[in-house]
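The chain contents come next:
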Amino acid sequence: MDNRIIGALLIVIASAFFATAGLFVQFAEPETTSWVALFVGMTVGGAVILPLALARCGWSEVMKSRNRWLLISRGLISFAQVGTLFYALHSIPLTDALLFRETSPLWVPILSAIFLHEAMPRKLWVVLAVGFFGIALVLHPQLSEFSIGYVVAVLNGLLFAIQNLLTRHLNQQHEPQERILFYIYAVGIATSLGPAALTFT
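Report follows, based on the coordinates.

### Observations concerning the pattern of salt bridges
So, step 1. Inspection of every chain in the model, using the stated rule, returns four salt bridges.
So, step 2. A salt bridge links Glu102 to Arg101, with the shortest nitrogen-to-oxygen separation between them at 3.1 Å.
So, step 3. Using a relative accessible area of 47% as the deciding quantity, one classes Glu102 as partly exposed.
So, step 4. Glu175 serves as the salt-bridge partner of Arg179, at 2.5 Å between the closest nitrogen and oxygen. You'll find Arg179 and Glu175 in the same group, each marked buried.
So, step 5. Salt bridges sharing partners connect three or more residues here, namely Glu61, Lys64, Glu175 and Arg179.

Structure (structure tokens):
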């Protein structure tokens, strides 16, 4: 089977596990913490993704990369992005959390201009201003019951944008999807294990 098809299937599987873990946060909110939900999501997803990635590439091929630190950074950003999403799901309604997560397209051109020095047309600034104004309108009715969850949800959108930029850069470096996903889950499991164990009830 074509490597691009395999990579796409792995991405779909990974997304499905993240979505399932998000539902777990919603339904198990009184009985568990965001750290535990994150560890469970990473572990269950990793139980499928890690063996598939190793079967496709082999251990030496997975580890043999000139972009190892970039892959680790991508894993940490992904971990932080999912973690902030789960925290937001604990604190604010699902629709609000997902709305702010989808602000990532507004952050991407700004981050690209700052860190990648990509030119941004003036008209795009107007579009971004309208987008952020729309977010403010959505947020305004919630100010009477404002919580830190909304700040975390906005941060989640920013982290999602950084994650997308790092993925694009890794793709430009011809890193296979199997290797990227391997590092996402390996870093996520290792990073969430300690906090999950400390907060488990």
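### Topic: the packing of aromatic side chains
So, step 1. Enumeration over the complete set of coordinates arrives at four aromatic pairs.
So, step 2. Both rings, one in Trp59 and one in Phe182, keep their centres 6.1 Å apart while their planes meet at 80 degrees; by these two values the pair is edge-to-face. With a gap of 123 residues between them, Trp59 in helix 3 (residues 59–63) and Phe182 in helix 9 (residues 177–199) connect regions that are remote in the sequence.
So, step 3. For Trp59, a relative accessible area of 54% puts it in the exposed group.
So, step 4. Look at Trp107 and Phe132: their rings are 5.1 Å apart centre to centre, the planes differ by 70 degrees, and that puts the pair in the edge-to-face class. Of the two residues, Trp107 is situated in helix 6 (residues 104–115) and Phe132 in helix 7 (residues 122–139); the sequence distance between them amounts to 25 residues.
So, step 5. Its relative accessible area of 28% is what places Phe132 among the partly exposed residues.
So, step 6. An aromatic cluster is present here, built from Trp59, Phe182 and Tyr183 joined pairwise through their rings.
So, step 7. Against the face of Phe160 rests Arg101, its NZ or CZ located 4.1 Å from the ring centre.

### Comments concerning helix 9
So, step 1. With 23 residues, helix 9 extends 32 Å from end C-alpha to end C-alpha; this agrees with the ideal 33 Å at 1.5 Å per step.
So, step 2. The sharpest bend along helix 9 measures roughly 35 degrees and falls at Leu193, with the proline Pro195 sitting one to four residues further on.

### Some words on the packing of helix 4 (residues 68–91) against helix 8 (residues 148–172)
So, step 1. Relative orientation of the contacting elements helix 4 and helix 8 amounts to 155 degrees, with a least axis distance of 8 Å. In this view, helix 4 runs roughly antiparallel relative to helix 8, as classed from their interaxial angle. Seen along the crossing, helix 4 lies across helix 8 with a hand that is left-handed.
So, step 2. Of the residues contributing to the contact of helix 4 with helix 8, the split by class is 16 nonpolar, ten polar and one charged.

### Some points on unusual backbone geometry
So, step 1. Phi at His174 takes a positive value of approximately 65 degrees, unusual for a residue other than glycine.
So, step 2. Assignment of secondary structure puts His174 in the loop between helix 8 and helix 9.

### Points about the environment of Cys57
So, step 1. Residue position: Cys57 is located in helix 2 (residues 34–57).
So, step 2. We classify Cys57 as partly exposed; its relative accessible area is 23%.
So, step 3. Taking the C-alpha atoms as reference, Cys57 lies 7.9 Å from Arg179; in sequence the two are 122 residues apart.
So, step 4. Setting aside residues up to four positions removed in sequence, Cys57 forms contacts with Val62 and Glu178.

The rules behind the values
Residues numbered from 1 in each chain as written. Predicted model: local features only at pLDDT ≥ 70, side-chain atom pairs only at ≥ 80, totals over all residues. Heavy atoms only, no water. Salt bridge = Lys/Arg side-chain N within 4 Å of Asp/Glu carboxyl O. Buried < 20%, exposed > 50% of the residue type's maximum accessible area, 1.4 Å probe, protein only. Phe/Tyr/Trp six-rings, centres within 6.5 Å; stacked < 30°, edge-to-face > 60°. Helix = DSSP H or I, 4+ residues; strand = E, 2+ residues; numbered from the N terminus. Lys NZ or Arg CZ within 6 Å of the ring centre and 35° of its normal. Expected span 1.5 Å × (residues − 1). Bend = angle between axes of the 7 residues up to and from the residue. Axes fitted to C-alpha atoms, helices over the stretch in contact; angles between N-to-C directions. Parallel < 35°, antiparallel > 145°, perpendicular 65-115°, else oblique. Left-handed = near helix turned anticlockwise from the far one by under 90°. Nonpolar A, V, L, I, M, F, W, Y, C, P; charged D, E, K, R; others polar. Contact = heavy atoms within 4.5 Å.

Nothing here speaks to function; it is all geometry.
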